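Spelled out from the first residue to the last, the chains are:
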Amino acid sequence: QQQVKQSPQSLIVQKGGISIINCAYENTAFDYFPWYQQFPGKGPALLIAIRPDVSEKKEGRFTISFNKSAKQFSLHIMDSQPGDSATYFCAARTIQGAQKLVFGQGTRLTINP
Amino acid sequence: DAGITQSPRHKVTETGTPVTLRCHQTENHRYMYWYRQDPGHGLRLIHYSYGVKDTDKGEVSDGYSVSRSKTEDFLLTLESATSSQTSVYFCAISPGQSYEQYFGPGTRLTVT
């Protein structure tokens, strides 16, 4: 049972365009929503994260939009660059437990030059 | 990779053989995790540890065991490897008081 559903599985965007990756969750106990970026042959690394008490968080070209009522959140990458080509994972964490993260399926993003 | 090493980085083994993967950290973080990464499934938690000799099961723990005898080392053991355990395994650590988990470089395991 996938508690966090991520789409699309793959995405191709032209350089300078906006990349959008969406995630949806079911468990209302989730209280922390990070996005991880993973380059080939490397481990995932935290990119940006949001708590459910805010609707948007922006860090440079990366923005998380959060819709608590719809139980959805998304990652927007503005002015996408070839160096942004990577696999992106959304995740969610429950209030209870040892900071256990539940991950989405991942999105392979390719930015064409 | 935040002071985390995993060994071996690559391993090919035969069905039915035991396999142990090692995660070593130099950050003195309390929490350590083992995940497996498979296409279409993202990362799934196998086991985690919240202190020396304190471990618990994750989402996909069947066929795996773990041990943590020192703060810096977290071992993942496949008692009798099966082809379904072919995957990339990631270790992660967390200080426990912040929300971020730091991931190691991964171990690619192939069971033939």
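Residues numbered from 1 in each chain as written. Chains lettered and ligands numbered in written order. Predicted model: local features only at pLDDT ≥ 70, side-chain atom pairs only at ≥ 80, totals over all residues. Heavy atoms only, no water.

> Any chance you could explain unusual backbone geometry here in plain terms?
Of all residues except glycine, most have a negative phi; of all peptide bonds, most are trans. Put simply, A:Ser7 and A:Pro8 share a cis peptide bond, and its omega is -5 degrees. Residue B:Pro8 is reached from B:Ser7 by a cis peptide bond, and omega for that bond is -10 degrees. Topologically, B:Pro8 is positioned in the loop between strand S1 (4–7) and strand S2 (10–13). You will see that A:Asp79, though not glycine, has its phi angle at about 45 degrees, which is positive. Examined against the element boundaries, A:Asp79 turns out to sit in the loop between strand S8 (72–77) and strand S9 (86–94). By relative accessible area, which is 40% here, A:Asp79 ends up partly exposed. (Helix = DSSP H or I, 4+ residues; strand = E, 2+ residues; numbered from the N terminus. Buried < 20%, exposed > 50% of the residue type's maximum accessible area, 1.4 Å probe, protein only.)

> How do you make sense of a nonpolar patch on the surface when you look at a structure like this?
Residue and element names in this part refer to chain A. Taken together, the side chains of Ile18, Ile20 and Met78 define a hydrophobic patch exposed on the protein surface, amounting to about 240 Å² of accessible area. On the secondary structure map, isoleucine 20 appears in strand S3 (residues 19–25). Using a relative accessible area of 36% as the deciding quantity, one classes isoleucine 20 as partly exposed. (Patch = residues over 30% accessible without salt bridge, like charges linked within 9 Å, V, L, I, M, F, W, Y side chains within 5 Å. Areas by Shrake-Rupley, 256 points an atom, 1.4 Å probe, with all protein chains shown as cover. Salt bridge = Lys/Arg side-chain N within 4 Å of Asp/Glu carboxyl O.)

> What's the story with the interface of chain B and chain A in this structure? I'm lost.
Interface size is often expressed as the accessible area that is lost when the parts come together. Counting residues at the interface gives 23 residues for chain B, matched by 20 residues for chain A. Roughly 1800 Å² is buried in total at the junction of chain B and chain A, and carbon and sulfur atoms are behind 52% of that figure. In this structure, the connection of chain B to chain A is made through zero salt bridges. At the surface where chain B touches chain A, the tally comes to two residue pairs in polar contact (both at pLDDT 80 or more). Of all elements in the fold, only strand S4 (31–38), strand S5 (42–51) and strand S9 (87–94) of chain B reach the threshold of two or more residues within the side of chain B that touches chain A. (Contact = heavy atoms within 4.5 Å. Buried area = accessible area lost by both parts, 1.4 Å probe. Polar contact = N/O pair within 3.5 Å; in protein donor to acceptor, adjacent residues only side chain to side chain.)

> Would you mind going over the sheet that holds strand S1 (residues 4–7) of chain A with me for this structure?
Where strands meet in a sheet, backbone hydrogen bonds hold them as pairs that are either parallel or antiparallel. All names here are of chain A. Taking strand neighbours across the sheet as the criterion, the five strands line up as S1-S3-S8-S7-S6 in an open arrangement whose pairing is antiparallel. The open sheet has two edge strands with one neighbour each: S1 and strand S6 (56–59). Strand-to-strand twist of the sheet, defined as the mean angle between neighbouring strand axes without regard to direction, takes the value 15 degrees. Direction of pairing for S1 relative to S3: antiparallel, over a ladder of four bridges. (Pairing = 2+ DSSP bridges. Axes fitted to C-alpha atoms, helices over the stretch in contact; angles between N-to-C directions.)

> When you look at the sheet that holds strand S7 (residues 64–70) of chain B in this model, what are you seeing that I'm missing?
Residue and element names in this part refer to chain B. Strand order across the open sheet formed by four strands is S1-S3-S8-S7, with antiparallel pairing between neighbours. The open sheet has two edge strands with one neighbour each: S1 and S7. Across the sheet, the mean angle separating the axes of adjacent strands is 20 degrees when strand polarity is ignored. Sheet analysis places S1 next to strand S3 (residues 19–25), joined by four bridges and oriented antiparallel. Looking at S3, one finds that glutamine 6 is bridged to cysteine 23.

> Explanation requested: the environment of A:Glu26 in the structure shown.
Residues and elements named next belong to chain A. The residue glutamate 26 is located in the loop between S3 and strand S4 (30–38) in this model. Of the residues examined, glutamate 26 reaches a relative accessible area of 48% and is grouped as partly exposed. Each C-alpha atom, one on glutamate 26 and one on isoleucine 64, is 18 Å from the other, the two residues being 38 residues apart in sequence.

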